[in-house]
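The lines below spell out each chain.
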Amino acid sequence: MKKNLLISILMTVATTILFGLLYPLIVTGLAQLIFPHKANGQLIVRHGKVVGSAIIGQGFSGRAYFHSRPSAAGNGYDAANSGGSNLGPTNQKLLDRVRADVASAQAYNPNAAVPIDLVTTSASGIDPHITPAAAAFQILRVAKARGISPGQLRLLVTKHTEGRQFGVLGEPRVNVLELNLDLDLAEQFPSDARATAE
């Protein structure tokens, strides 16, 4: 019995050291060597300041910006409180919010159907992407607010549209933060943006 107890204690210590310390250190070290940008959260830096992450959504509410999906994570886009709303499809609170979001979206584009991802939350609540249809739906609003042509914005959306991973996984998507940052950059250098649009 003492022998079995000693073996179990030694095995616990050995596996704790092996899988609790050595394995995580090796994997972390390899990740830092092979792909450090991804291993460190894919942070986006502008002018020496971290402005966000390519893999964590942020809320944008101004008319001059493309809007992300709604978020139910904490008070919205809270990566420490990631999750959906857990409201069922017949829940009145959910129905009222979706109706209000549809009405708000249609105020800027009254003759078009609102893409579903502009009025529904993702399971994580921090999805950084919208569909190309959701980006296209917002082009008229953003163009009017910024005083630029819809054609220029279409080119920018196309530039930021990512295809399916390996050609088969997932759906085409647009990273909202990267698109909005590029939109601000294009507005700082309008001649470059016009040259690209022509």
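Below you will find a few notes about this structure. (Residues numbered from 1 in each chain as written. Predicted model: local features only at pLDDT ≥ 70, side-chain atom pairs only at ≥ 80, totals over all residues. Heavy atoms only, no water.)

Across the sheet, which stays open at both edges, the 3 strands sit in the order S3-S5-S4 with antiparallel pairing between neighbours. The open sheet has two free edges, formed respectively by strand S3 (129-130) and strand S4 (161-162), since each of these has just one partner strand. Looking at chain direction, S4 and strand S5 (residues 173-175) are connected through 2 bridges and run antiparallel. Residue pairing across strands places Glu162 opposite Arg173, the latter belonging to S5. (Pairing = 2+ DSSP bridges. Helix = DSSP H or I, 4+ residues; strand = E, 2+ residues; numbered from the N terminus.)

If you look at the biggest cluster of nonpolar residues, it comprises 24 residues, and the most contacted ones within it are Phe66, Leu153 and Val157. When residues of this core are traced back to their parent elements, those giving at least two are helix H4 (132-146), helix H5 (150-159) and helix H6 (176-188). Per-element tally for this core: the top contributor is H4, with 6 residues. (Core = buried A, V, L, I, M, F, W, Y, C linked by side-chain atoms within 4.5 Å. Buried < 20%, exposed > 50% of the residue type's maximum accessible area, 1.4 Å probe, protein only.)

Of all the positions in H5, only Gln152, Leu153, Leu156 and Val157 are classed as buried. Buried residues in H5, looked at end-on, bunch into an arc of 135 degrees, giving them a common side. (Arc of directions from axis to C-beta.)

A word on unusual backbone geometry. One non-glycine residue, Gln42, lies in the positive phi region at around 50 degrees. With respect to the helices and strands, the residue Gln42 is situated in the loop between helix H2 (36-39) and strand S1 (43-46). Of the residues examined, Gln42 reaches a relative accessible area of 19% and is grouped as buried.

So, on to the side chain of Asn180. Tracing the chain through its elements places Asn180 in helix H6. Discounting residues that sit within four places of it in the chain, Asn180 has contacts with Phe60, Tyr65 and Phe66. (Contact = heavy atoms within 4.5 Å.)

What follows is about the packing of aromatic side chains. Applying the stated criterion to the full structure yields 1 aromatic pair. In this structure, Arg141 is placed above the aromatic ring of Tyr108, and the distance from its NZ or CZ to the ring centre is 5.9 Å. A cation over a ring is seen here: Arg146 above Tyr65, with NZ or CZ 4.7 Å from the ring centre. (Phe/Tyr/Trp six-rings, centres within 6.5 Å; stacked < 30°, edge-to-face > 60°. Lys NZ or Arg CZ within 6 Å of the ring centre and 35° of its normal.)

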